[in-house]
Amino acid sequence: MSTASSPAATLRFLPFLAAAVAVVAAAAADDGMTHLHLYIHKTVVAGAGNSSSSFDNVGAIDDELREAPDPASQYLGRAQGFDLGIPAAACTVLSLAFAEGDYGGSTLVVYGRADLGAGGGDGEAVAAERAVVGGTGRFRGARGYSLMTKLGNPTAGTAAVVFEMDLYVKIGG
């Protein structure tokens, strides 16, 4: 009796092996992070914080969170907090208070330096990275990071600057 397996038996086993490898790879890639993609619609106030040479600007933040760059897109909540520094590079404390959607009643706290004046050398905007340092509700014990990019500048007919924000959040332990 031969102990070698036949080529046909090996071929029948390959789909099961491939499926097992796919399951293991998917489990390894699942690091428990939740990805949120949203937009901050910042209202521009004329004359606020025009100094660009000193660390003397303190600004309050109270802007809308929306699901898309269109101001008519679904309202999700508010981005509230403060920033210190020059307009292009400021230290910010930002609380994202979700009022609608899957995370209604929950908050995420984002902290760090946002250098929105930096460019990639080729004219492309660079995303400002800040830490997610906590949260409430569904985000209790959250940690992670956020990437935020400014989408253009306001024109004569617009009253808002839009920022695209990606948040990568791990909740709990």
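Everything in this summary refers to the structure shown in the same document. (Residues numbered from 1 in each chain as written. Predicted model: local features only at pLDDT ≥ 70, side-chain atom pairs only at ≥ 80, totals over all residues. Heavy atoms only, no water.)

**Some points on the sheet that holds strand 4 (residues 89–98)**
Taken in spatial order, the eight strands line up as 1-2-3-4-5-6-7-8 and close into a barrel, and their pairing is antiparallel. Taken over all neighbouring pairs, the strand axes of this sheet differ in orientation by 30° on average, direction set aside. Inspection of the sheet shows strand 4 paired to strand 5 (residues 107–115) by nine bridges, in the antiparallel sense. For Ala97, the partnering residue across the bridge sits in strand 5 and is Thr107. (Pairing = 2+ DSSP bridges. Helix = DSSP H or I, 4+ residues; strand = E, 2+ residues; numbered from the N terminus. Axes fitted to C-alpha atoms, helices over the stretch in contact; angles between N-to-C directions.)

**Considering the pairing of strand 1 (residues 33–43)**
Summarising the sheet, strand 1 and strand 8 (residues 160–170) pair through eleven bridges and their orientation is antiparallel. Bridge pairing in strand 8 links Ile40 to Phe163. Where strand 1 lies against strand 2 (residues 58–66), three bridges are found, and the strand directions are antiparallel. The residue bridging Tyr39 from the neighbouring strand is Arg66, located in strand 2.

**A few points about the environment of Gly59**
Along the chain, Gly59 turns up in strand 2. Sequence separation of Gly59 and Asp83 is 24 residues, and the distance between their C-alpha atoms is 5.2 Å. Gly59 has contacts with Gly81, Phe82 and Asp83, leaving out every residue within four places of it along the chain. (Contact = heavy atoms within 4.5 Å.)

**Details of the environment of Met33**
Tracing the backbone shows Met33 in strand 1. Sequence separation between Met33 and Ile171 is 138 residues, and the spatial gap between their C-alpha atoms is 7.6 Å. Sequence-distant contacts of Met33, defined by excluding residues within four places in its chain, comprise Tyr145, Tyr168, Val169 and Lys170.

**Quick look at the pairing of strand 3 (residues 75–86)**
Across nine bridges, the pairing between strand 2 and strand 3 is antiparallel. Among the inter-strand pairings, Asp62 is bridged to a residue of strand 3, identified as Gln80. The pairing of strand 3 with strand 4 spans ten bridges and is classified as antiparallel. From the neighbouring strand, Phe82 faces strand 4, where its bridge partner is Val93.

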